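Structure at a glance
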Amino acid sequence: MTKTVVTGRPDMTVSQAAELMSQHHISAIPVLDDAGAIVGIVSEGDLMRRVEGANDPPRSWWLSLFSETGKNAGDFIRERGQHLRDIMTRHVTTVTPATPVGQIARVLEKNKIKRVPVVEGGKLIGIVSRANLLQALAAQPVVHLRSEASVDEKRDIVLGALAQVPGLNAVHLNVIVTDNRVDIWGIVNSDDEEAAARVALEAIDGLGEISMHLGRIPAYAWGI
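These remarks concern the structure in this document. (Residues numbered from 1 in each chain as written. Predicted model: local features only at pLDDT ≥ 70, side-chain atom pairs only at ≥ 80, totals over all residues. Heavy atoms only, no water.)

Examining the pattern of salt bridges
Evaluated as defined, the whole model comprises six salt bridges. Of the charged contacts, one joins Glu109 and Lys112 as a salt bridge, the two residues approaching to 3.5 Å between their closest N and O atoms. Two residues, Glu194 and Arg216, come together in a salt bridge whose shortest N-O distance is 2.5 Å. Of this pair, Glu194 sits in helix α9 (residues 191-202) while Arg216 sits in strand β9 (residues 209-216); the two residues are 22 residues apart in sequence, bridging distant segments of the chain. Linked by salt bridges that have partners in common, Arg181, Asp183 and Glu209 make up one network. (Salt bridge = Lys/Arg side-chain N within 4 Å of Asp/Glu carboxyl O. Helix = DSSP H or I, 4+ residues; strand = E, 2+ residues; numbered from the N terminus.)

Structural data, given as structure tokens:
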């Protein structure tokens with residue numbers, strides 16, 4: 001997460017918020033009360049909605065009586081309000097420092113948002129954006145084998161990695177590990193399982209060459 005967060009106050013003007021977002025190259029700012037608790041968030045989408053129709057020619061007041069605008073008082077406030085308290089989204093989705101990265105990704109996707117504030121003890125302590133998640137994905141851990149690791153240690157690590165592959169049954173595999181090569185013999189249910197097994201092993205640095213010798217037996221056949 002990003003720990004240094006640019007924030008606003010409910011009485012901050014919309015123009016000040018827009019200038020802050022432009023200066024810091026950010027797409028949203030959390031809005032905090034005097035106690036430091038998050039009370040809303042303002043995004044670039046909130047600001048862009050104010051621009052829509054800004055250049056439309058004004059109409060006479062009496063003609064507007066005969067047209068349906070589809071807007072209500074709340075829309076008017078969000079489009080014309082001068083302070084963040086007028087335009088901010090008040091129901092803010094948040095996460096905690098202990099929220100897993102995968103869950104944060106699901107929160108962003110489910111709520112169709114680009115960033116989510118991190119709150120602890122009722123106070124804002126950071127913000128996680130899609131860019132942060134991409135950085136986390138780019139830095140996914142790779143297991144580095146010790147140069148002095150024995151063949152048995154390497155084999156245990158290989159078996160542990162294969163055990164993480166969904167649907168793959170290590171009982172049906174024979175794993176042969178040498179100093180600079182891993183051979184996997186046995187049977188799997190599908191091409192996807194073999195590909196997933198290879199992906200699991202490629203995340204282990206120092207195994208050497210990986211060779212698969214896997215036949216196919218569909219899962220339902222085991223019940224025959």
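With respect to helix α1 (residues 14-24)
Buried within α1 we find Val14, Ala17, Leu20 and Met21. Looking down the long axis of α1, one finds its buried residues gathered within 120° of arc, a one-sided arrangement. The outward face of α1, more than 90 degrees from its buried face, is lined by the exposed residues Ser15 and Ser22. Positive backbone phi, at 55°, marks His25, one or two positions downstream of α1. (Buried < 20%, exposed > 50% of the residue type's maximum accessible area, 1.4 Å probe, protein only. Arc of directions from axis to C-beta.)

Remarks on the sheet that holds β9
By definition, the strands of a sheet pair up through backbone hydrogen bonds, in either a parallel or an antiparallel sense. Strand order in this open sheet of three strands is β6-β7-β9, and the pairing throughout is mixed. Pairing within the sheet leaves two strands with one partner each, and these edge strands are β6 (173-177) and β9. Across the sheet, the mean angle from the axis of one strand to that of its neighbour is 10°, orientation sign disregarded. Bridge analysis of strand β7 (residues 181-188) against β9 gives eight bridges, and the strand direction is parallel. Along β9, the bridge assignment pairs Arg181 with Glu209. Contacting β6 and β7, helix α8 (residues 151-162) runs over the sheet at an angle of about 140° to β6. This element, α9, spans β7 and β9 of the sheet and lies at about 160° to β9. (Pairing = 2+ DSSP bridges. Axes fitted to C-alpha atoms, helices over the stretch in contact; angles between N-to-C directions. Contact = heavy atoms within 4.5 Å.)

Regarding the pairing of strand β3 (residues 115-120)
Summarising burial for β3: five of the six residues are buried, a large majority. When β3 meets strand β4 (residues 123-129), the two strands line up antiparallel, connected through six bridges. By the bridge assignment for β4, Arg115 is matched with Ser129. Between β3 and the antiparallel strand that follows it, β4, lie two residues; Gly121 among them carries a positive phi value of about 60°.

It is worth stressing that arrangement in space is one thing and function is another; only the former is reported here.
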